[in-house]
Amino acid sequence: MPSTTPARALIQARDLTKTYAMGDQTVHALRGVSLDIAEGEMVAIMGASGSGKSTLMNILGCLDQPSAGSYVLAGEPVQDMASDALASIRNRRIGFVFQQFNLLPRTSALENVELPMVYAGVPAAQRHQRARAALERVGLGQRTGHTPAELSGGQQQRVAIARALVNNPQLILADEPTGALDSQTSEDIMQLLTELNRQGMTVVLVTHEADIAAWARRTLVFKDGHIVEDTVREEASAAGPPQGARAPLGGSDPQSGGAWGP
Ligand SMILES: Nc1ncnc2c1ncn2[C@@H]1O[C@H](COP(=O)(O)OP(=O)(O)OP(=O)(O)O)[C@@H](O)[C@H]1O
Ligand SMILES: [Mg+2]
């Protein structure tokens, strides 16, 4: 590991490119992206539609492979791994949150949260217990039997976040997690992601909203498949978005769930 890396690098990406062949055209979704993200960072990614944000997130999340370049996640070079090895890395290290929640319909919150543990082969009793604890952690201990249709948008996103954290990942990747939510509910979700970051999870999120990006200390801006800006805010304002935007948290005890109660 290079001695210049300030904190332990969770993500080390070098010269990532991604091209798609579309008939006789080539789409250059990423044109050489290099990026280090240290363990414990919270990073927002912005940029115009089509600039490559989701393409990068899919590669960082081991959902897709780059066309060229290298990607080392937590010390493991993943760019050449086979799909079953990638699936194992995803399960162990990464939690995903999407704009449209991606919950199974007609399936309870508890069972939705259990799903990653089904894939990981966790025994049923332990699955129930851990899913219940994760739902309590996001303030939904009273809604475990509700299906997505019986939950508000913000509650559905909290179920999705509980699902993302249930295997205790190092990295949470959230692609426009507040894109389908009103501004108050978006703040609640950002407060929750910030709290998870404080508890040690590295969080990378994509957003089109400057006030959502302001929750993260570091912001990357994409343009045409490149990173064109990489800014880190001063420590003094690192505790969240600019003054006034933050409501006080009830406490960081992950068992209490009280800070985001329904
Ligand atoms: N599977 C695919 N096949 C072909 N082209 C693709 C594919 N996925 C993405 N692209 C193209 O790659 C470019 C980057 O897409 P990407 O989804 O990363 O953009 P984005 O920054 O996430 O945009 P948005 O803000 O709209 O979500 C776009 O031009 C898109 O059309
Ligand atoms: Mg996108």
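Keep in mind that this is a model prediction, so the values were computed, not measured.

Caption draft 1: The pairing of strand β1 (residues 9-22), seen in detail. Note: β1 against strand β2 (residues 25-38), 11 bridges, orientation antiparallel. The partner of L16 across the bridge, within β2, is V33.

Caption draft 2: Highlighting the sheet that holds strand β6 (residues 94-98). The strand order β6-β7-β8-β3-β9-β10 describes an open sheet built from six strands, whose pairing is mixed. The open sheet terminates on both sides in strands that have one partner only, identified here as β6 and β10 (226-232). Direction aside, the axes of adjacent strands within the sheet are offset by 15° on average. Relative to the sheet, helix α5 (residues 153-165) contacts β6 and β7 (171-175), its axis offset from that of β6 by approximately 165°.

Caption draft 3: Representation of the sheet that holds strand β4 (residues 68-73) in the model. Taken in spatial order, the four strands make up an open sheet running β2-β1-β4-β5, and their pairing is antiparallel. Edge positions in the open sheet fall to β2 and β5 (76-77), since each of these has one partner strand only. Pairing geometry for β4 and β5, over two bridges, is antiparallel. Residue pairing across strands places V72 opposite P77, the latter belonging to β5.

Caption draft 4: Structural view of the packing of helix α3 (residues 109-119) against helix α4 (residues 124-137). Where α3 meets α4, the closest approach of the two axes is 9 Å, and the angle between their N-to-C directions is 120°. Classed by the angle they form, the pair α3 and α4 counts as oblique. Our pair here, α3 against α4, has a crossing hand that is right-handed. Across the interface between the two elements, A109, L110, V113, E114, M117 and V118 from α3 touch R127, H128, R130, A131, R132, A134 and L135 from α4. A per-class count over the contact of α3 with α4 returns eight nonpolar, one polar and four charged.

Calculation criteria
- Residues numbered from 1 in each chain as written.
- Chains lettered and ligands numbered in written order.
- Predicted model: local features only at pLDDT ≥ 70, side-chain atom pairs only at ≥ 80, totals over all residues.
- Pairing = 2+ DSSP bridges.
- Helix = DSSP H or I, 4+ residues; strand = E, 2+ residues; numbered from the N terminus.
- Axes fitted to C-alpha atoms, helices over the stretch in contact; angles between N-to-C directions.
- Contact = placed C-beta atoms within 7 Å.
- Parallel < 35°, antiparallel > 145°, perpendicular 65-115°, else oblique.
- Left-handed = near helix turned anticlockwise from the far one by under 90°.
- Nonpolar A, V, L, I, M, F, W, Y, C, P; charged D, E, K, R; others polar.

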